[in-house]
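Letter by letter, the chains look like this.
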Amino acid sequence: MQFVIKNGTIVSATEMYQADVAVADGKIVAIGKDLSLEGYDVVDAAGKLVLPGALDVHTHLAMPFGGTISSDDYFAGTRAAACGGTTTVFDFILQDFDEKMVDAVKRRDALCAPDAAVDYAFHVGVKDVSGDLLDSMEEAVEFGVPTFKVFMVYDFGVSDGVFYKVLQKSKEIGARISVHAENNEMVNMLVEKYISEGKTSAWYHYMSRPEFVEKEADERAISWAKELNAPLYIVHLANKGGVEAVTKAKDEGYEIYAETCPQYLHFTNEVYKREDGRNFVCSPPMKGQESQDAIWDAIIRGDIDTVATDHCPFQSYEKDWGKDDFRKIPNGCAGVENMYPYMLSMANKGKISFQKAVELCSENPARLFGCKDKGSLSVGKDADIVIYDKDKEFTISVDNMHSDCDHTIWEGAELKGYPVQTYSKGRLVFDNGEFLGERGWGKFVKRSLK
Ligand code: URP
Ligand code: ZN
Ligand code: ZN
């Protein structure tokens, strides 16, 4: 299929300009003023913004976690992504014990390939580096998965020694480590304390994982990365002290990257006092206003590199398991459909520029995670394109979302502007509220950081 998107305003990470975009065979083939190409259909984008599709580098689809499985499978999660202007989704695979990293990738790819509606990539969540498993990271890199995550928390979290080994290995093989940074001992101690005092509501999920629990782990993880001179990416950064540690490390010249999530930019810990507070339970939890302000400031000065969602939804009945005991609430919230619309709405409301929204949600994720065909509207790149109507008012409701989850923490949030069309490799997959994609359209994105 060949078409040209005419009369729109193209947004990149650095500029906004009027030009037409021509697409053929899934690729962008020309960009210029007044393109007139024979045999090309015309899509009129007058008055609209034309943006590169977003890359959500942090999702958990069909992930076994918290005694259940996250409620969006590869189809539902990628369908929701497409309807929110996200055209590449990164999923975290959890390595099994005694499983080679590349085998974990192949195991998950077999599930994902038939179902994905937009392109997808993987990170491996590392659990076991015993024997030759540490060396097996290299095969995963060669397969096109050069990014690994270590968890400092949860029952599958790694020890300090494993974290150190993985960081060291990553340097040798052209990989990069991401870290979920919270102090596990502190969390366990605080959980035990509150439960023993009969304090069991969702508020005590926050109280067990307050600001310093995350800050301390951020600082410790950064100190190891500095010591080894290894790049490190901090996922879902949500606290002021951690932001300060990232800023300092960057100023000192270290390759420390930080991701935050829309939920930390929009909600504070006050949500855990709500009757439906358990629906907001995720780790790290939303923090206080000071942390939220610090994250926005860091975005504006350029110390946050990416925004991603940590999409990990659970149904209401699963969240309800923890009505009287916050320990039983599966951790995670839906968000993959909300990221780009929320960040673009914040741009439309004047908090950041549209270029900044594109930088955080598309260009930086593509560059930092080695997706060379993604991240901007340029000739030769995949035609992953979003047409955005700045004037469309949109109120988020579970009824206009496309996830399989039966609720959304974003219920009632009012957005200024909304995507009206999403193209995945030149195919229209979302049109004015309607999903038009199909299972299996999305393909594995082989990546390299070299
Ligand atoms: O609460 C969360 N974030 N659930 C998903 C797993 C993780 O920590 O990223
Ligand atoms: Zn995490
Ligand atoms: Zn996560």
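Calculation criteria
- Residues numbered from 1 in each chain as written.
- Chains lettered and ligands numbered in written order.
- Predicted model: local features only at pLDDT ≥ 70, side-chain atom pairs only at ≥ 80, totals over all residues.
- Heavy atoms only, no water.
- Donors = N, O, S within 2.8 Å, 3.2 Å for Na, K, Ca; no water.
- Helix = DSSP H or I, 4+ residues; strand = E, 2+ residues; numbered from the N terminus.
- Buried < 20%, exposed > 50% of the residue type's maximum accessible area, 1.4 Å probe, protein only.
- Near = heavy atom within 4 Å.
- Polar contact = N/O pair within 3.5 Å; in protein donor to acceptor, adjacent residues only side chain to side chain.
- Areas by Shrake-Rupley, 256 points an atom, 1.4 Å probe, with all protein chains shown as cover.
- Pairing = 2+ DSSP bridges.
- Right-handed = clockwise from strand over helix to strand, strands pointing away.
- Tetrahedral: all angles 85-135°; square planar, octahedral: opposite > 155°, others 65-115°.

Caption draft 1: The coordination of the zinc ion (ligand 2), seen in detail. For the zinc ion (ligand 2), the full set of protein donor atoms is Lys149 (NZ), His180 (ND1) and His236 (NE2), and the range of their distances to it is 2.1 to 2.6 Å. A separation of 3.6 Å is found between the zinc ion (ligand 2) and the zinc ion (ligand 3). Here Lys149 is found in strand β13 (residues 147–151), whereas its partner His236 is found in the loop between β15 (232–234) and α8 (240–251), with 87 residues between them in sequence. Residue Lys149 shares its accessibility class with His236, and that shared class is buried.

Caption draft 2: The arrangement of the site of ligand 1 in detail. Neighbouring ligand 1 are 14 residues, the closest being His60, Tyr154, His180, Ser283 and Asp310. Taking Lys149, its side chain carries an N or O atom lying 3.1 Å from an oxygen atom of ligand 1. Between a nitrogen atom of ligand 1 and a main-chain N or O atom of Asn331, the distance comes to 3.1 Å. About the coverage of ligand 1: the protein hides 100% of its 270 Å² of free accessible area.

Caption draft 3: Summary view of the pairing of strand β14 (residues 176–180). Counted residue by residue, β14 has five buried out of five residues, so it is predominantly covered. Note that β13 and β14 share five bridges and pair parallel. Its bridge partner being in β14, Phe151 is matched across the sheet by His180. Each parallel crossover has a hand, and the one from β13 via helix α4 (residues 160–173) to β14 is right-handed. In terms of strand pairing, β14 meets β15 through three bridges, oriented parallel.

Caption draft 4: Highlighting the coordination of the zinc ion (ligand 3). Only His58 (NE2), His60 (NE2) and Asp310 (OD) from the protein reach the zinc ion (ligand 3) as donors, at distances of 1.9 to 2.1 Å. Seen from the zinc ion (ligand 3), its four donor atoms lie at angles of 89 to 140 degrees, and the figure they make is irregular. Along the chain, the residues donating to the zinc ion (ligand 3) are arranged with the sequence spacing H-x1-H-x249-D. Residue class for His60 comes out buried when judged on its relative accessible area of 3%.

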